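# A structural walkthrough
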Amino acid sequence: MLNKEFFKRDTLIVAKDLLGKIIVKNDNGIIYKAKIVETEAYLGVDDRAAHTFGDRKTERNKIMYEDAGTVYVYQTYGIHFMLNFVTQDKNIPEAVLIRAIEPLNQFDKISLNRFGKIYNELTSYQKKNITNGPGKLTKALNIDKDLNGNNLFNQSFFVEDDNSIFNIIIDKRIGIDYAQEAIDFPYRFYIKDNSYVSVLKK
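This structure is a prediction, so every number in the text was calculated from the model and none was measured.

Ranked by size, the top nonpolar core spans 43 residues in total, and within it Phe7, Leu18, Ile23, Leu83, Phe85, Ile98 and Phe157 carry the most contacts. When residues in this core are grouped by element, the largest group, five residues, is from strand 2 (residues 30–42). For Phe85, the contacting residues outside a window of four places in its chain are Phe7, Leu18, Ile23, Ile36, Thr70, Ala95, Val96, Ile98, Leu152, Phe157 and Val159. Among the nonpolar cores identified, the runner-up in size contains 14 residues, and Tyr42, Ala49, Met64 and Leu97 belong to it.

What follows concerns the packing of aromatic side chains. The description of an aromatic ring pair rests on the distance of the ring centres and on the angle between the ring planes. Evaluation of the coordinates by the stated rule reveals six aromatic pairs. An aromatic cluster is present here, built from Phe6, Phe7, Phe85 and Phe153 joined pairwise through their rings. The cationic tip of Arg9 hangs over the ring face of Phe6; the distance from NZ or CZ to the ring centre is 4.7 Å. Just above the ring of Tyr65 sits the side chain of Lys57; from NZ or CZ to the centre is 5.0 Å.

This part covers the pattern of salt bridges. A side chain of one charge can pair with a side chain of the opposite charge if their charged atoms are brought near each other. Under the defined criterion, the tally for this structure stands at 15 salt bridges. The shortest N-O distance in the salt bridge between Lys62 and Glu59 comes to 2.6 Å. A relative accessible area of 62% places Glu59 in the exposed class. Connected via shared salt-bridge partners are Glu38, Glu40, Arg99, Asp171 and Arg188.

Residues spaced three or four apart along an α-helix point in a common direction, a consequence of the helix completing one turn every 3.6 residues. What helix 3 (residues 107–115) keeps buried is the set Ile110, Ser111 and Arg114. In an axial view of helix 3, the angular spread of the buried residues amounts to 100°, which keeps them on one side of the axis. Those residues of helix 3 hidden inside the fold are in contact with strand 2, strand 5 (95–103) and helix 5 (134–140). At the C-terminal side of helix 3, Gly116 shows a positive phi close to 75°.

Thresholds applied
- Residues numbered from 1 in each chain as written.
- Predicted model: local features only at pLDDT ≥ 70, side-chain atom pairs only at ≥ 80, totals over all residues.
- Heavy atoms only, no water.
- Core = buried A, V, L, I, M, F, W, Y, C linked by side-chain atoms within 4.5 Å.
- Buried < 20%, exposed > 50% of the residue type's maximum accessible area, 1.4 Å probe, protein only.
- Helix = DSSP H or I, 4+ residues; strand = E, 2+ residues; numbered from the N terminus.
- Contact = heavy atoms within 4.5 Å.
- Phe/Tyr/Trp six-rings, centres within 6.5 Å; stacked < 30°, edge-to-face > 60°.
- Lys NZ or Arg CZ within 6 Å of the ring centre and 35° of its normal.
- Salt bridge = Lys/Arg side-chain N within 4 Å of Asp/Glu carboxyl O.
- Arc of directions from axis to C-beta.

Below is the structure:
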């Protein structure tokens, strides 16, 4: 299990170091395991793409002002949940968005969560798109706002280390057209040649 000191570091470093790590979720006795293959860093008060840009503090984003290793789950368009891990020291409101994962087990459960049918019944398109996006992966792992404000240091939801070796691609973040100069910040990281990455570098 990754400890608090792992997350209590520079957010860009944490975002890169989370690649290849394994999310473990105990969902009423069902143990999900999935490799993190894509992340985005959000650098708080100076980052127009971050919820806490300008040191804004709201009911939604207040979790970003909590301790490193706190789980921040928010909802977009009233539909999709987004999974983030808070970084840095308390009151430095930065976080890493988990943007894509590679399922390692429970393929039927994940498929039922996403599409309402078991894995072997999925089309090739559905298999390719099962967890290759932030809203997709939360649905696949049955993650919602019940996790918001929890931390990553318990047996029900945590991240464990992994010794896999891979190359990292650095690119711009996605879906932040409102963020002016921050659109071009190279704060997205993903594992090269991993088929579960959401968008490949052009």
